[in-house]
Amino acid sequence: MMILNTLLFCKKQQRRFTVCIVVMVLALMTIALLFERTGIQTQVLMDLMLIPMLGMSLIAGALGAVFAIALLSITLIIVSPDYGNILQNEWLKSGVYLIAVILTAYYSHFQKKQQKTLREALNKDPGTGLPGRVALWKALDDHLNNLNNSKQKNSLAVITIENLQDIAATFSHDAADELIKQLWGRLAESFPSGADVFHYHRERLAVLFQESQNNFDSLNQSLKTHFEDSILYQGIPIHFVVHIGYVNLHEQNSRVVITQAEAAIEFSRQNDVQSAVYTEKMARDLRQSLALLGSMRTAMSSGELMLYYQPKVCLETLDIVGFEALARWKDSKMGTFAPDMFIPLIERTELIHAFTPWAVDTALSTVKKWTTANRSCPVAVNISSHNLTNPTFPAEIRSLLDKHDLPSSALELEVTETVIMKNPLNAVKVLKELADIPVAISIDDFGTGYSSLAYLHRLPATVIKIDRHFTSMIERDRGIRKIVAAAVQLAHDLGMKVVVEGIESQAQLSILRDLGCDIGQGYYFSFALPANLAETWQFHD
């Protein structure tokens, strides 16, 4: 590589001096012609001589300036015998010319040095010393233009280190760079010989390599083993949280290839897997996700996003006791979307801080209309982990209740175990503030997420909801019945009611009622209904 760089440098220098020689020859020919045909004075020629000298200084620096001065002086001596006398008499002007040439040469040298520094900064990451983004694009372009060559690298892996910012904040950015270099030193063993690595983004490494079988399973397994082992830094074991996107090089555009790798990484994030191989469907899904997020605020204000209401029934009397509000989206251009297509997207963005108040506001507006029509039923609305990190959320809920002039008993807020356990201390604090309004708190999907038993007695919850997963197996699995019975007993001992989701048959209803469950919802009773139909709904066995 060093020999190759030296040869390239020599070729650049050769081209530069070729240009200089051409400039000098043209300058000499001009001087000779001027002197011969016009009889121009030597003093004037000295003034004209400044132009090629400055040009040579800019092109070739100090060496070019010296070369120009010497060659032009020789030429003038030849064509003008009195040049020496004029030079003695015009020493001040000659000195000024010389200083101008030197300054121009210095400026040229400085500019070239700056350009070299800039090129190095663009082609190499200053922290890790690994080739950077521009180098990656150039390498990709070279490989994409020669894919028919069997020796060319035909695969790209992009590795994103999700917790690099945490590492940098804990130690320093220099420490993060050093750990990246150590990580690559370890990962290089897994890739085929000759793989090229690039540090093209703060927390991303890109690796170009040859994979003859287009099968990443063995490579991925090897990488997974390396990522499971921590790297020691200052005596502290550092574990990297990573996602990997693989791409087979077929496209003829380096930017498109990088975009495909990023799409694979995003897919692995959303599906909670460490790696993924790019497919066209990933790109389509990402475009749709972006389109959905971009349309969300408009959908909330236009009425395309709406709430449906699923009845909740007392299992003992079969009377209606409330509803759960469930979002539905009917886009005029993109069609109808199920909640699982857009709710997870919203929860990963700041839109959740607009969506949840919208849902509560819409639900309370519906309850107000029902109250006027002599139907007084509370509505449950699901909330996100982001809402439980927002210190103003309880005040927003209180304000919405005041807006619709409704008692706090009109609203119930549902939160999952997993949401609570993401930040249990903060979640408990916000939930207690909500309970002080007082709004009923329900723990959704109880028993399916992280165990919240340690916090259950501290939560201001009045309801737990048994997940539909247990309901679906309640008839045939005795163990499931024992788990549900234990959950019911625990809830009742803590003064909570038990709601069961996903009831779809009379047999399930009978078993759950016998186990002591208080309230049920599911297709056996009713699907989620538009507000106008929910207003008059009654269960008919």
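Source: prediction; values computed, not measured.

Explain the pairing of strand 14 (residues 463–466) to me, please; I cannot follow it from the model alone.
A regular strand places its side chains so that they alternate between the two faces of the sheet. Judged by which residues are buried, strand 14 turns out to be covered on both faces: Val463 and Lys465 on one side and Ile464 and Ile466 on the other are all buried. As paired elements, strand 13 (residues 440–446) and strand 14 share 3 bridges and run parallel to each other. Bridge assignment links isoleucine 443 to a residue of strand 14, and that residue is isoleucine 464. Bridge count for strand 14 against strand 15 (residues 497–500) is 4 bridges, and the pairing is parallel. If you follow isoleucine 464 over to strand 15, its bridge partner there is valine 498.

Help me understand the environment of isoleucine 503, please; the structure alone is not making it clear to me.
Mapped onto the secondary structure, isoleucine 503 falls in the loop between strand 15 and helix 19 (506–514). When its relative accessible area of 0% is taken as the criterion, isoleucine 503 is described as buried. The spacing of isoleucine 503 and phenylalanine 525 is 22 residues in sequence and 7.8 Å in space, taken between C-alpha atoms. Dropping the residues within four chain positions of it, isoleucine 503 is found in contact with Leu315, Thr471, Gln508, Leu509, Leu512, Gly520, Gln521, Gly522, Tyr523, Tyr524 and Phe525.

I keep staring at the pattern of salt bridges and nothing clicks. Help me out?
Pairing between side chains becomes possible if they bear opposite charge and their charged atoms approach one another. Throughout the structure, instances matching the rule amount to 14 salt bridges. For arginine 204, the salt bridge identified is with glutamate 262, shortest N-O distance 3.0 Å. With arginine 204 in strand 3 (residues 204–209) and glutamate 262 in helix 9 (residues 254–270), this residue pair connects regions lying 58 residues apart in the sequence. A relative accessible area of 8% means that arginine 204 is categorised as buried. Lysine 429 serves as the salt-bridge partner of glutamate 433, at 2.9 Å between the closest nitrogen and oxygen. Linking glutamate 433 with lysine 429, this pair stays in helix 15 (residues 424–435), spanning 4 residues, or about one helical turn. Put simply, Glu324, Glu414, Lys465 and Glu501 are held in one network by salt bridges that share partners.

For this particular structure, what's the right way to read the environment of proline 530?
By the secondary structure assignment, proline 530 is in the loop between strand 16 (519–520) and helix 20 (531–534). For the pair proline 530 and leucine 307, spaced 223 residues apart in sequence, the C-alpha separation works out to 7.1 Å.

Whenever I open this one, helix 19 confuses me. Can you help?
Working note: α-helix, 3.6 residues per turn, so residues spaced by three or four point in the same direction. Along helix 19, the residues that are buried comprise Gln508, Leu509 and Leu512. In a view along the axis of helix 19, the buried residues occupy a sector of 100 degrees, so they form one face of it. Tucked into the core, helix 19 has its buried residues touching helix 17 (468–473), helix 18 (478–493) and strand 15. Immediately downstream of helix 19, the backbone of glycine 516 shows phi near 100 degrees, a positive value.

Quick question: what am I supposed to make of the nonpolar core here?
Side chains of nonpolar character tend, in soluble globular proteins, to be buried together. Counting 80 residues, the largest nonpolar core has Ile397 and Leu413 as the members making the most contacts within it. Considering each element in turn, this core owes the most residues, 9 residues, to helix 12 (residues 352–372). Counting 30 residues, the second largest nonpolar core, distinct from the first, contains Ala157, Ala175, Phe216 and Ile231.

Sorry, what's going on with the side chain of histidine 199 here?
Along the polypeptide, histidine 199 turns up in strand 2 (residues 196–201). By relative accessible area, histidine 199 is classed as buried at 3%. Within the structure, histidine 199 has its side chain in polar contact with the backbone oxygen of histidine 201 (distance 3.0 Å). The residues touching histidine 199, leaving out its near neighbours within four places in the chain, are Asp125, Thr128, Leu130, Pro131, Gly132, Arg133, Asp177, Ile180, Arg204 and Leu205.

Even after reading the chapter, I still don't get the sheet that holds strand 3, so can you show me in this structure?
Either a parallel or an antiparallel arrangement is found when strands of a sheet pair, and the pairing is made through backbone hydrogen bonds. Strand order in the open sheet made by the 5 strands is 2-3-1-6-7, with mixed pairing throughout. Single-partner strands in this sheet number two, and they are strand 2 and strand 7 (275–277). Across the sheet, the mean angle separating the axes of adjacent strands is 20 degrees when strand polarity is ignored. Two elements, strand 1 (residues 155–161) and strand 3, share 6 bridges in a ladder whose sense is antiparallel.

I'm lost on unusual backbone geometry in this one. Help?
Trans is the common state for peptide bonds, and a negative phi is the common state for residues other than glycine. For the bond from isoleucine 437 to proline 438, the omega torsion is 5 degrees, close enough to zero to count as cis. Mapped onto the fold, proline 438 is located in the loop between helix 15 and strand 13. A positive phi is found at aspartate 272, a non-glycine position, where the angle reads about 55 degrees. Here aspartate 272 shows up in the loop between helix 9 and strand 7.

Each value, and the rule that gives it
- Residues numbered from 1 in each chain as written.
- Predicted model: local features only at pLDDT ≥ 70, side-chain atom pairs only at ≥ 80, totals over all residues.
- Heavy atoms only, no water.
- Buried < 20%, exposed > 50% of the residue type's maximum accessible area, 1.4 Å probe, protein only.
- Helix = DSSP H or I, 4+ residues; strand = E, 2+ residues; numbered from the N terminus.
- Pairing = 2+ DSSP bridges.
- Contact = heavy atoms within 4.5 Å.
- Salt bridge = Lys/Arg side-chain N within 4 Å of Asp/Glu carboxyl O.
- Arc of directions from axis to C-beta.
- Core = buried A, V, L, I, M, F, W, Y, C linked by side-chain atoms within 4.5 Å.
- Polar contact = N/O pair within 3.5 Å; in protein donor to acceptor, adjacent residues only side chain to side chain.
- Axes fitted to C-alpha atoms, helices over the stretch in contact; angles between N-to-C directions.

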